[in-house]
Amino acid sequence: MALHFEPAEFEARRARLIEKMAEEKLDAVLLFAQESMYWLTGYDTFGYCFFQTLIVKADGSVALLTRSADLRQARHTSNIENIYIWVDRLNADPTLDLKNLMSEMDLLGCRVGIEFDTHGMTGRVSRLLDNQLASFCQIVDASYLVSTLRLVKSPAEIAYAKRAGELADDALDAAIALIKPGADEADILAAMQGAVFSGGGDYPANEFIIGSGPDALLCRYKSGRRKLDTKDQITLEWAGASAHYHAAMMRTVVIGEPEFRHKELYNACAENIRAIEDVLRPGNTFGDVFDVHAKIMDERGLTRHRLNACGYSLGARFSPSWMEHQMFYAGNTQEILPNMTLFVHMIIMDSDAGIAMTLGQTYVTTEGAPQSLSRHGLDMLTA
């Protein structure tokens, strides 16, 4: 088996889940999030683009229902012993196979949690589940049951996060070496992703974001490449990934002499992220982090140019996003605890001036001050 953790690690995770299920009075949970399956069993696939679910009972027993294409994948990458296949055919309804399997597992009339808020759960699947299970068992939304457990990382997980941080740094080094007037975004992007691969890393859970000129103000990947002008700006958001654990970073690099507005926005980003470092510790909440961000930005007159969130938890994630559910936004009561891996980003996009500035890196929380996973400082980058 191609497992990244020792058996004791998986046993501890299963014990935590069973304890949480008991608190929620759940007889079973149906896991549809690939990261939940990976965290609990090591199962590693992109087959969640089709119907599959992992059934976990309150007694700790586990069964996977998936397609034939993922049978060997599950055997090779996970510790799952009970694997069942639903057959691809015209008008197939795998939720019927699921109900039959749940009946065999004595779950008729039981209280069953389901992960609804995940990319592995489509609207169609949800409707099919309702048709099959509404009269079979009591359905409970358990979308955040496992994702909450994943927030606090074990020492083995933190080791992968730290390696991901090193790979993210390598990617930035590769980019800096190429960024100059006339450089092609395609070459920069290839060098960054190549640095991660060369270091033994993985594909990230979403595309690297790269944009220059007017596209430097975009917060998402888009198709198309351009070459850098003598006076330009390029925004990069990327992540190192090791065993699917992510460490994200973000920078805007100014080509040529920075505009006064570039410097002004950079100073706001730097002041903000350093202030957040004082709050990113136990005793505070995710909402407290955002409040610091909003206060500093708003005092500088940047309310229109900032975002409504300034970071999030990350860890072992699968496409289409390396973001976890838990984000830094107003009113989020999620407590900051030791051994979380949290990405803090400052993003200021002044559309009026056509000026972008970003600054971001991943931290692991401790009992005291957070530890950056990057060897790079927070200086403004120019070329």
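Preceding block: the structure.
We now turn to the structure provided with this report. Being a predicted model, the structure only gives us computed values, none of them experimental. All residue numbers refer to position in the chain's written sequence, counted from 1. The predicted origin of the model limits local features to residues at a pLDDT of at least 70 and limits the giving and counting of side-chain atom pairs to 80 or more, whereas totals for whole chains, interfaces and linings rest on all residues. Side-chain metrics rest on all non-hydrogen atoms present in the structure, leaving aside hydrogens and water.

A separate point is the pattern of salt bridges. One speaks of a salt bridge when a side-chain nitrogen belonging to Lys or Arg is within 4 Å of a carboxyl oxygen belonging to Asp or Glu. All told, the structure shown has 22 salt bridges when counted by the stated rule. Here Arg 375 and Asp 170 are joined by a salt bridge, their closest N and O atoms 2.8 Å apart. With Arg 375 in the loop between strand E13 (371-372) and strand E14 (381-382) and Asp 170 in helix H7 (residues 155-176), the pair connects residues that are 205 residues apart, well separated along the chain. Whether a residue is buried, partly exposed or exposed follows from its accessible area with a 1.4 Å probe, protein chains only, as a fraction of its type maximum: under 20%, in between, or over 50%, in that order. Judged by its relative accessible area of 26%, Asp 170 falls in the partly exposed class. The closest approach of N and O atoms between Lys 222 and Asp 215, which form a salt bridge, is 3.5 Å. For Lys 222, a relative accessible area of 31% translates into the label partly exposed. A single network of salt bridges, built from pairs that share partners, joins Glu 35, Arg 150, Arg 317 and Glu 324. Helix and strand definitions here come from DSSP, where helices need a minimum of 4 consecutive H or I residues and strands a minimum of 2 consecutive E residues; each element is numbered from the N-terminal end.

Stacked, tilted and edge-to-face are the three classes applied to pairs of Phe, Tyr and Trp rings, where Trp contributes its six-membered ring and a pair requires centres within 6.5 Å; stacked means planes under 30 degrees apart, edge-to-face means over 60, and tilted covers the rest. Scanning the model with the defined rule gives 11 aromatic pairs in all. Note on Tyr 38 and Phe 318: the rings are 5.5 Å apart at their centroids and 70 degrees apart in plane angle, and the pair reads as edge-to-face. You can see Tyr 38 sitting in helix H2 (residues 34-41) and its partner Phe 318 sitting in the loop between strand E10 (311-313) and strand E11 (341-350), a full 280 residues away along the chain. We note that Tyr 38, like Phe 318, is buried. Ring geometry for Tyr 312 and Phe 343: centres 5.3 Å apart, planes at 65 degrees, overall edge-to-face. Of this pair, Tyr 312 sits in strand E10 while Phe 343 is found in strand E11, placing the two residues 31 residues apart along the sequence.

Any two strands between which DSSP finds at least two bridges are classified as paired. What the six strands build is an open sheet, ordered E4-E3-E2-E1-E5-E6; its pairing is mixed. Pairing within the sheet leaves two strands with one partner each, and these edge strands are strand E4 (83-85) and strand E6 (138-141). Between one strand and the next, the sheet's axes are offset by a mean angle of 25 degrees, whatever the strand orientation. As paired strands, strand E5 (residues 111-114) and E6 are joined by four bridges and run parallel to one another. Each bridged residue has a counterpart across the sheet, and for Gly 113 the counterpart in E6 is Val 140. Axis angles are defined between N-to-C directions and span 0 to 180 degrees, where every axis is a line fitted to C-alpha atoms and, for a helix, only to the segment in contact.

Another point: unusual backbone geometry. Pro 320 follows Ser 319 through a cis peptide bond whose omega is 15 degrees. With respect to the helices and strands, Pro 320 occurs in the loop between E10 and E11. Phi is positive for Asn 91, close to 60 degrees, though the residue is something other than glycine. By secondary structure assignment, the location of Asn 91 is in the loop between E4 and helix H4 (94-104). You will see that Asp 106, though not glycine, has its phi angle at about 60 degrees, which is positive. Mapped onto the secondary structure, Asp 106 falls in the loop between H4 and E5.

Here H7 crosses helix H8 (residues 185-198) at 150 degrees, and the two axes come no closer than 8 Å. Considering the angle they form, H7 stands roughly antiparallel to H8. The handedness of the crossing between H7 and H8 comes out as right-handed. Together, Leu 167, Asp 170, Ala 171, Ala 174 and Ala 175 of H7 and Ile 188, Ala 191, Met 192, Ala 195 and Val 196 of H8 make up the contact between the two elements. Residue composition of the contact of H7 with H8, by class: nine nonpolar, no polar and one charged. Note on angle classes: values under 35 degrees are labelled roughly parallel, values over 145 roughly antiparallel, values of 65 to 115 roughly perpendicular, and the remainder oblique. Should the near helix be turned anticlockwise from the far one by less than a right angle, the crossing is termed left-handed; should it be turned clockwise, right-handed. Contacts are residue-level and defined by heavy atoms, with any inter-residue pair within 4.5 Å sufficient. Asp, Glu, Lys and Arg are counted as charged, while Ala, Val, Leu, Ile, Met, Phe, Trp, Tyr, Cys and Pro are counted as nonpolar; the rest, among them Gly, fall into the polar class.

The next thing to look at is the pairing of strand E2 (residues 53-57). Both faces of the sheet carry side chains from a regular strand, because those side chains alternate between them. Burial within E2 is extensive, with five of its five residues counted as buried. Here E2 shows no split at all, with Thr 53, Ile 55 and Lys 57 on one side and Leu 54 and Val 56 on the other all buried. Where strand E1 (residues 28-31) lies against E2, four bridges are found, and the strand directions are antiparallel. Within the sheet, the bridge partner assigned to Leu 30 lies in E2 and is Ile 55. Pairing analysis gives four bridges linking E2 to strand E3 (residues 62-66), with the strands arranged antiparallel. Of the residues in E3, the one forming a bridge with Leu 54 is Leu 64. Connecting E2 to the antiparallel partner E3 that follows it, the hairpin turn spans four residues, and Gly 60 within it adopts a positive phi of roughly 95 degrees.

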